[in-house]
Amino acid sequence: MLAGKNVNVATVNNEITDIDETMAYTKISKVKEDDVLECFLYPKICYTKPLITITEEILIQEIIKFNEEIASYIENYIWHNDNLIFRPRTKQALLLEKLVENSTIIEECNILPHIYVRLCFDEDITDEWFTVFLISKLTQTFDGLIARIIDSDGEFLLIEAANVLPPWANPETCENRVFMYNGELHIVRDKHKTLLDSLNNIWEEPYLYRAPEKVQDVLRKRINTYPGEIKKRNHKARVFLSEKAISILQQEPRLVALAIRTICHSDPFERKVCRAMRYFPPEQRIMVNIRMTKCLYAMANHCRYTGDPRTGWNIPPITCSKYKSHILGIKIACGLEMLVARAIEERRKREKTSVNDSDKLKANDDVLNAYLNRLEISGYFRNLLKGSEEYEKLVNAAKDYYLKYFNLYNSNIKNNKSDAEKVLEAWENIQTNDIELHVQDEVALSPADSDSWLNVDPVQLETFLNEKWGNVKSKKYEQESLSVKEKVQMFLNQNSDIDGVQFLEDFSVETDIIHDSEDNGKIEFDADIFDSTLRGILDLVVPGNEGEFEGSSEGSLGEDNEDKRNEMDKYMRLLDSQLQSEIEKDENSEINKNSDVVEDNLIKSIAEEAGGSGPTGNIIGESARRLLHLQLQSPTTVPPDLQS
């Protein structure tokens, strides 16, 4: 990015920022790509100082401090895909970046100056939470540093603590409103606050926006496993590998991630270059220990590619103890082979399709004109007459800023080498004496780490789930042991808001029943009960007013109304006897006087309602109300609203 270095650049900064400061508070939409983490870091100067004073030079100085603070944590860390890189972001530089990239989407240019992180963690979610740990450390170390962290799921920090969130915390109230300050989560509930106001309020009165303690505990438990988790995620594997490949991995240990991911994500067409193995021949291999992450080791083990048989790998039998070492070495070597071949092909294409200087100048002029037009639309030239002295000064200042940025942008593109180019350069830098240093006795190698963690038995899985979510079975049985009166008492004791009474325990129990491991995925089904219930539904006709079903052959199902009334009486007497027995059984087991009062009040209310609508009927439901009313009457008495 461009850092302003002279008066002209500062003039452009001032003029562009003064156009419309309210535009600088536009919210940032969530990430659209999968497996991508985005972090927006706001040092105190970004929201407490005038925007015109925040330049990229100032942000770069902050980035240097950040890198020094986290250097000890990431020194030997193997990133799965992207490295953690802090980038300065100002409104002007982001606008130019979009124009240079020919992007039509520029709404994100209207944001506060900040430091930006974009990390693709792909298959290994450990990188995501390790980054959260680092950002949390930074917010605790640097006074006033506030961060926003989102991924493709949105506010994933709240998703992690979903079971303990307060009822008001939902996507509508929390989107773009979750911040990390001093290592703790803060939520700004007022959606009408601008980003600038939100940051200032959190800094001045953090206690007003701090998330509940239960939410903080969940996040602490998740990220406090670091930095100890870094060692646990590593795996030392014994590999029979090409000597040149060993030299490359010793220079850049993280390149093992590129090699394994390349071979695992490749197709048969891309693997054709592995037949010849020009850059990592199979004849020059030795046994060595290679450090990688458990995720990479698992990916390599589940990759079915074992090399082209025509290459001459000489793989030992599958029963041999060295079989895994040979196969893993083949996969890593083939991944590096594909990367080197890809980089060489990219070089050839660049040489053939290089653009001449005139085309480059024309492209630069087009971007410059687009940049000046956008400045004019934004009011940068203040309606000055074209050709006037003041107008030309502003034009020259804008051109100076653009040229400095464009030159720096092009140099960054050249320095921003692809992964394949990095492997090729490492391969080209291999010296003969480096290879000779690798020759050593295999017996002298330290033993490889056990890979028993690849297999998880049901007991271990159950233990892990209980540690994560608690003993869900005991919760389910505790809920099932409650009687009807106790559940009614629980309902009446709950506090209600505008959304009604919420039973989080019942919701979790229902979820646990669906996923109960003891059911083995089976669904209990009694064919006799289903058949009798279905017949009762098809045969049952609730009598209505006189003549309601006259002339309807479908309503009577082929029988007269008198037979149906007899069936109805039998059905209601059966329900009455069953309900009476249940009530007597329940009364014999009563030990709670409060529950007795609740039941008496319910029965009294139902009796007074006489089968009609009322508050009690609305609570317990229409069907239960009518059945309870029937058992209070004599068997021959039918409520008026059930009479035919």
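For the structure, see preceding data.
A brief report on the enclosed structure follows. (Residues numbered from 1 in each chain as written. Predicted model: local features only at pLDDT ≥ 70, side-chain atom pairs only at ≥ 80, totals over all residues. Heavy atoms only, no water.)

Here the focus is the overall build of the protein chain. What the protein chain contains, in helices and strands, is 28 helices and 8 strands. Considering the protein chain as a whole, with its 644 residues, one finds that 39% of them fall into the buried category. A separation of at least 24 residues holds for 78% of the contacts in the protein chain among residues at least 6 apart in sequence. Total accessible area on the protein chain stands at roughly 37400 Å², and carbon and sulfur atoms take up 51% of it. (Helix = DSSP H or I, 4+ residues; strand = E, 2+ residues; numbered from the N terminus. Buried < 20%, exposed > 50% of the residue type's maximum accessible area, 1.4 Å probe, protein only. Contact = heavy atoms within 4.5 Å. Areas by Shrake-Rupley, 256 points an atom, 1.4 Å probe, with all protein chains shown as cover.)

Before going further, it helps to spend a moment on a nonpolar patch on the surface. A cluster of nonpolar side chains, contributed by Val456, Leu461, Phe464 and Leu465, occupies part of the molecular surface with about 380 Å² of accessible area. Along the chain, leucine 465 falls in helix H19 (residues 458-469). Leucine 465 sits in the partly exposed class, given a relative accessible area of 35%. (Patch = residues over 30% accessible without salt bridge, like charges linked within 9 Å, V, L, I, M, F, W, Y side chains within 5 Å. Salt bridge = Lys/Arg side-chain N within 4 Å of Asp/Glu carboxyl O.)

This paragraph deals with the sheet that holds strand S4 (residues 146-151). What the 6 strands build is an open sheet, ordered S2-S3-S1-S4-S5-S6; its pairing is antiparallel. At either end of the open sheet lies a strand with only one pairing partner, and these are strand S2 (87-89) and strand S6 (184-187). Along the sheet, successive strands turn relative to each other by an average axial angle of 30°, direction set aside. In the sheet, S2 pairs with strand S3 (residues 114-120) via 3 bridges, with the strands oriented antiparallel. Opposite arginine 87, over in S3, you have tyrosine 116 as the bridge partner. (Pairing = 2+ DSSP bridges. Axes fitted to C-alpha atoms, helices over the stretch in contact; angles between N-to-C directions.)

What follows concerns the pattern of salt bridges. This model, assessed by the stated rule, comprises 20 salt bridges. The shortest N-O distance in the salt bridge between arginine 210 and glutamate 213 comes to 2.9 Å. A salt bridge links lysine 393 to glutamate 389; the nearest nitrogen and oxygen atoms lie 3.9 Å apart. Within this pair, lysine 393 and its partner glutamate 389 are both found in helix H16 (residues 389-415), separated by 4 residues, close to a single helical turn. When its relative accessible area of 60% is taken as the criterion, glutamate 389 is described as exposed. Linked by salt bridges that have partners in common, Glu184, Arg210, Glu213, Asp217 and Arg220 make up one network.

Another point: the packing of helix H14 (residues 323-352) against helix H17 (residues 419-428). Relative to each other, H14 and H17 sit at 105°, their axes nearing to 8 Å. With respect to their mutual orientation, H14 and H17 come out roughly perpendicular. On the side of H14, the interface is formed by Leu336, Leu339, Val340, Arg342, Ala343, Ile344, Arg347 and Arg350, while H17 contributes Ala420, Glu421, Val423, Leu424, Glu425, Trp427 and Glu428. A breakdown of the residues in the contact of H14 with H17 according to their chemical character gives 9 nonpolar, no polar and 6 charged. (Parallel < 35°, antiparallel > 145°, perpendicular 65-115°, else oblique. Nonpolar A, V, L, I, M, F, W, Y, C, P; charged D, E, K, R; others polar.)

By the element assignment, arginine 261 lies in helix H12 (residues 255-264). Judged by relative accessible area, arginine 261 falls into the buried class, the value being 12%. Within polar-contact distance, the side chain of arginine 261 engages the side chain of asparagine 81 at 3.3 Å. Non-local contacts of arginine 261, meaning those with residues more than four positions away in its chain, are made with His80, Asn81, Asp122, Glu123, Leu296 and Met299. (Polar contact = N/O pair within 3.5 Å; in protein donor to acceptor, adjacent residues only side chain to side chain.)

Another aspect to go through is the side chain of arginine 177. Secondary-structure assignment places arginine 177 in the loop between helix H7 (171-174) and strand S5 (178-181). For the buried arginine 177, no salt bridge exists, and the shortest N-O distance to an oppositely charged side chain is 6.6 Å, to aspartate 190. Reaching out from arginine 177, the side chain makes a polar contact with the backbone oxygen of aspartate 190 at a distance of 3.3 Å. A polar contact is formed between the side chain of arginine 177 and the backbone oxygen of lysine 191, at a distance of 2.8 Å. The contact partners of arginine 177, leaving out residues within four places of it in the chain, are Glu155, His186, Ile187, Val188, Asp190, Lys191, His192, Lys193 and Ser198. (Lys, Arg positive; Asp, Glu negative; His and termini not counted.)

Applying the stated criterion across every chain, the model contains 0 disulfides. Not part of a disulfide, cysteine 274 finds its nearest cysteine sulfur in cysteine 334, a span of 4.0 Å. (Disulfide = S-S within 2.5 Å.)

The next thing to look at is unusual backbone geometry. Residue proline 227 is bonded to the preceding tyrosine 226 through a cis peptide linkage, with omega at 5°. Here proline 227 shows up in the loop between helix H9 (213-223) and helix H10 (228-233). Within the chain, aspartate 122 stands out as a residue other than glycine whose phi angle is a positive 55°. By the element assignment, aspartate 122 lies in the loop between S3 and helix H5 (126-141). Despite not being glycine, asparagine 314 shows a phi value in the positive range, around 55°. With respect to the helices, strands and loops of the structure, asparagine 314 is situated in the loop between helix H13 (294-302) and H14.

Before going further, it helps to spend a moment on the environment of asparagine 301. Its place among the elements puts asparagine 301 in helix H13. C-alpha separation for the pair asparagine 301 and leucine 328, spaced 27 residues apart in sequence, amounts to 7.4 Å.

Before going further, it helps to spend a moment on the nonpolar core. In terms of nonpolar packing, the biggest core is built from 46 residues, with Leu241, Met292 and Ile332 touching the most fellow members. Looking at this core element by element, the count peaks at 11 residues for H14. Discounting residues that sit within four places of it in the chain, isoleucine 332 has contacts with Val239, Leu241, Leu249, Val256, Ala259, Ile260 and Met292. Counting 45 residues, the second-largest nonpolar core is a separate cluster that includes Trp129, Ile149, Leu158 and Leu219. (Core = buried A, V, L, I, M, F, W, Y, C linked by side-chain atoms within 4.5 Å.)

Let us now look at the pairing of S6. Along S6, one buried face is formed by Glu184 and His186 and the opposite face, lined by Leu185 and Ile187, is buried too. Sheet topology places S5 next to S6; 4 bridges connect them, and they run antiparallel. By the bridge assignment for S6, phenylalanine 179 is matched with histidine 186.

All we've got here are geometric facts, nothing functional implied.
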